[in-house]
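The chain contents come next:
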Amino acid sequence: MPFLQPSRRAEVLAKLSYFLQHAASLEVETRDGKMRLVDAYMAGEETPLALACRFRQPAIVLLLLRHGARTELPYARHQFSDCLEVLLTSLYFVHTTENDHENVEKSLQYICRSAERISMKRLEHRLADNMYKPSHPSWREIIPSRRHKDPAELQHLCRCNIRRQLHKSFSLPNGIEKLPLPNRLKKYLDLEFD
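Computed from a prediction, not measured in an experiment: that's the story for all the values here.

So, how was this worked out
- Residues numbered from 1 in each chain as written.
- Predicted model: local features only at pLDDT ≥ 70, side-chain atom pairs only at ≥ 80, totals over all residues.
- Heavy atoms only, no water.
- Pairing = 2+ DSSP bridges.
- Helix = DSSP H or I, 4+ residues; strand = E, 2+ residues; numbered from the N terminus.
- Polar contact = N/O pair within 3.5 Å; in protein donor to acceptor, adjacent residues only side chain to side chain.
- Contact = heavy atoms within 4.5 Å.
- Salt bridge = Lys/Arg side-chain N within 4 Å of Asp/Glu carboxyl O.
- Phe/Tyr/Trp six-rings, centres within 6.5 Å; stacked < 30°, edge-to-face > 60°.
- Buried < 20%, exposed > 50% of the residue type's maximum accessible area, 1.4 Å probe, protein only.
- Lys NZ or Arg CZ within 6 Å of the ring centre and 35° of its normal.
- Core = buried A, V, L, I, M, F, W, Y, C linked by side-chain atoms within 4.5 Å.

### Observations regarding the pairing of strand 2 (residues 33-36)
Now for step 1: Pairing between strand 1 (residues 27-30) and strand 2: 4 bridges, direction antiparallel. Counted as the bridge partner of T30 is G33 from strand 2.
Now for step 2: If you look at the hairpin formed by strand 1 and strand 2, you'll find 2 residues sitting between the two strands.

### Description of the side chain of K186
Now for step 1: Considering the arrangement of structural elements, one finds K186 in helix 10 (residues 183-189).
Now for step 2: A polar atom in the side chain of K186 sits 3.4 Å from the backbone oxygen of L179.
Now for step 3: Once residues within four sequence positions are removed from consideration, K186 is found in contact with I176, E177, L179 and L181.

### Remarks on the pattern of salt bridges
Now for step 1: Applying the stated criterion across every chain yields a total of 13 salt bridges.
Now for step 2: The shortest N-O distance in the salt bridge between R113 and D194 comes to 2.9 Å. In this pair, R113 is assigned in helix 5 (residues 98-114) and D194 in the segment after helix 10, connecting sequence segments 81 residues apart.
Now for step 3: Between E177 and K186 there is a salt bridge whose closest N-O contact spans 3.6 Å.
Now for step 4: Linked through salt bridges whose partners overlap, the residues forming this network are D82, E85, R122 and R126.

### Remarks on the packing of aromatic side chains
By convention here, two paired aromatic rings are described through the distance between centres and the angle between planes.
Now for step 1: In total, this model carries 1 aromatic pair according to the counting rule given.
Now for step 2: Relative to F193, the ring of Y188 lies with its centre 5.6 Å away and its plane at 55°, an arrangement referred to as tilted.
Now for step 3: Judged by relative accessible area, which is 6%, Y188 ranks as buried.
Now for step 4: When the ring centre of Y132 is taken as origin, the NZ or CZ atom of R126, which lies over that ring, is 5.7 Å away.
Now for step 5: We note R159 situated over the ring of Y188; from NZ or CZ to the ring centre the distance is 3.8 Å.

### Some thoughts on the environment of E85
Now for step 1: Within the fold, E85 resides in helix 4 (residues 83-88).
Now for step 2: The sequence separation of E85 and P173 amounts to 88 residues, and the corresponding C-alpha distance is 25 Å.
Now for step 3: Looking at E85, its side chain comes within polar contact range of the side chain of R122, at 3.4 Å.
Now for step 4: Separated by 3.0 Å, the side chains of E85 and R126 make a polar contact.

### Details of the environment of H167
Now for step 1: Structurally, H167 can be placed in helix 8 (residues 154-168).
Now for step 2: Along the primary structure H167 and A69 are separated by 98 residues, whereas in three dimensions their C-alpha atoms are 9.3 Å apart.

### Observations regarding the side chain of H101
Now for step 1: For H101, the location among the structural elements is in helix 5.
Now for step 2: Accessibility expressed as a relative area gives 12% for H101, which makes it buried.
Now for step 3: Those residues in contact with H101, other than ones at most four positions away along the chain, are T96, S135, H136 and P137.

### Section: the nonpolar core
Now for step 1: If you look at the biggest cluster of nonpolar residues, it comprises 35 residues, and the most contacted ones within it are L49, C53, V61, L64, L84, L123 and I143.
Now for step 2: Those elements giving two or more residues to this core turn out to be helix 2 (48-54), helix 3 (58-66), helix 4, helix 5 and helix 6 (120-128).
Now for step 3: In terms of residue count, helix 3 provides more of this core than any other element does, 6 residues in total.
Now for step 4: In contact with V61, other than residues within four places in its own chain, are L49, A52, C53, S107, Y110 and I111.

Now the structure itself:
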């Protein structure tokens, strides 16, 4: 599913990054109340992160998550309750390719870096619907057990908590750089690695 042509991908990512840097502290008034611009509903009543998941664009998924985009869809006006459902399901008539599978894996990896827990029940319920199929043949195996079954690592829980506090103060991702931490930990907080 091409969303960005490879020749324009770097340009679009640079522009989106610039926009997010300058709009990080903005809220918009919607019919559902105030929400951060990074989470504002767009075309088709989806958030930017949901759209990036739908079109399987891992670089955009990471960029939006770094800026504090929420994976859950609190005012879901469509049938999905979080971006993981959007990422891991496809309508039956949509053909997925090997490249789509790689992009699903990368996007899922980024979402798992920002999520404390993942509800497998919701995903299984969605995929039980005859309209949908998994967008990755091994979807159960590519979700780390420490995100849905086993206890999460203390380091990961600390990352989630610190990011939550920075999000509340409109300081993602720039506030990470101001923390008195080694660069490796700053990169970890900024979702650059597991």
